[in-house]
Amino acid sequence: MKFIGDQIAIGEIPVTQLAEQYGTPLYVYDEQKIRKNFRKVSNAFSKYYPDFKMFFAVKACNNPAIVNILRQEGAGADCASVNEILLAKYVGLGGENVMFSGNFLSDDDIKQGLESGVIFNLDDISILPRLLKFGKPEMLSFRVNPGYGKSNVGEYVTNAGPNAKFGIHPDKVLDAYRMAKEAGVKRFGAHMMTGSCITDAEYFPFVTGLLMDIIGKTSKELGIDFEFVDLGGGLGIPYKPGEPALDLDKAASLTAEMFRKKSEEYGMKPPQLKMEPARYFVGNAGWIIGRVHSIKESYKKIAGTDVGMNTLARPAMYGSYHHIYVNGKENEPRKSIGLCGQLCENTDFWVKERDLPASLAEGDLIVVENAGAYGFGMSYQYNGRLRPAEVLVNGTQAELIRARENFDDMIRHTFVPSHLKS
Ligand code: LLP
């Protein structure tokens, strides 16, 4: 995103043009920025640990065009469900380029996961006997809860530690791998995903140390090699202006150092280092453009826009901050204004007060920043307010990559029993 005078552009395209052509609310992604973000992480980590591979956690942004960009850059896919595996396959990823890290899987999930031939990453020891009923994967990984996690988004996305639903308790990790080895599994990996959006560089080596202590002992005791260790995602981005960014080089160098040190300490054959970032690749490469439809002078001044909790759930769900720009008015005097969407829910009043241009008026365009991760993917249909369109910008080119939903989409897959039709 950039300013041309007081006008906002994404890539080289003014947001006025995008809004005119595709309507609002509109998700817009910048292809060049996604590529740059990927390369930043890839270069930082492979500089310190060359045997490094990344998987894009497709849950953050599941548009096939976006997943294809990351595939072209060299990423595999991290999938949370069978449908996400199908999405990965749809863009040409499969086998060991796909990790299946599902949670509380059904028998069907397990069967289809096995048949898909991707890397199975089990969230608990209790799933192993169920999996073995259907088949034996050649390679298996377990998601370890190393006992600690954190997140800038707070408890909501702290995915490890005593209050998390994810991963195997450290005391059960040895038994899990023993059971897998005794069942004849030949190749092993290990995984953790302890929290999302962390901008503290020292956190990454710290949790890496916790995981390596657990699996290092396992490797020694069972005499198994870990072909890979996957540290999950979690690389954070700043959301508030002035918030410090993650020092990626520091995170990479300290993590690689810890990884090497612990591998040596436990006499492990150096495993491949894997990570599954998502927010860092796409978060700041996506925006929502919305239009102000109405201004209300009530107890407060409130601007009603077509960006609401249905299109961007994070503020209402987690109290998350997303910065908002007003096209053409950023240099004007400011005033405290509330901002909300169009739903019949008061949580849709997602900015209670913010200093915004005092002259904010009907017809103005707002641009909401850092909406590329967990934006469209968490949007939903409610009040008949349907999901927005998605557009990909590459320099001066813009292409529609997902059509705006319409009424047919709203009633698709519904049936009215005949006795209700008279
Ligand atoms: N790997 C696994 C197994 C995950 O569950 C996740 C995200 C990632 C990788 C990618 O993590 P990242 O690099 O984006 O931190 N909806 C929340 C975030 C939920 C994160 C879920 N797991 C939000 O909007 O902040």
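Residues numbered from 1 in each chain as written. Predicted model: local features only at pLDDT ≥ 70, side-chain atom pairs only at ≥ 80, totals over all residues. Heavy atoms only, no water.

It is worth spelling out the sheet that holds strand β1 (residues 2–4) at this point. Taken in spatial order, the three strands line up as β1-β2-β3 in an open sheet, and their pairing is antiparallel. Both edges of this open sheet fall to β1 and β3 (13–14), since each of them pairs with a single strand only. In terms of strand pairing, strand β2 (residues 7–10) meets β3 through two bridges, oriented antiparallel. Paired with Ile10 across the strands is Ile13, a residue of β3. (Pairing = 2+ DSSP bridges. Helix = DSSP H or I, 4+ residues; strand = E, 2+ residues; numbered from the N terminus.)

Glancing now at the pairing of strand β9 (residues 139–143). By the criterion of burial, β9 is predominantly enclosed, with five of the five residues buried. As judged from the three bridges shared by strand β8 (residues 119–122) and β9, these two strands associate in the parallel manner. Note on β9: the bridge partner recorded for Leu122 is Phe142. One ladder, built from five bridges, connects β9 with strand β10 (residues 187–191); its direction is parallel. For Arg143, the partnering residue across the bridge sits in β10 and is His191. Handedness of the β9-helix α7 (residues 170–182)-β10 crossover: right-handed. (Buried < 20%, exposed > 50% of the residue type's maximum accessible area, 1.4 Å probe, protein only. Right-handed = clockwise from strand over helix to strand, strands pointing away.)

Take helix α1 (residues 15–22) next. The set of residues buried in α1 consists of Val15, Leu18, Ala19 and Tyr22. What you see down the axis of α1 is that its buried residues fit within an arc of 95°, all on one side. Opposite the buried face of α1, by more than 90 degrees, sit the exposed residues Glu20 and Gln21. In the segment just after α1, Gly23 is the residue with positive phi, at about 80°. (Arc of directions from axis to C-beta.)

Any functional reading would require information that these geometric values do not contain.
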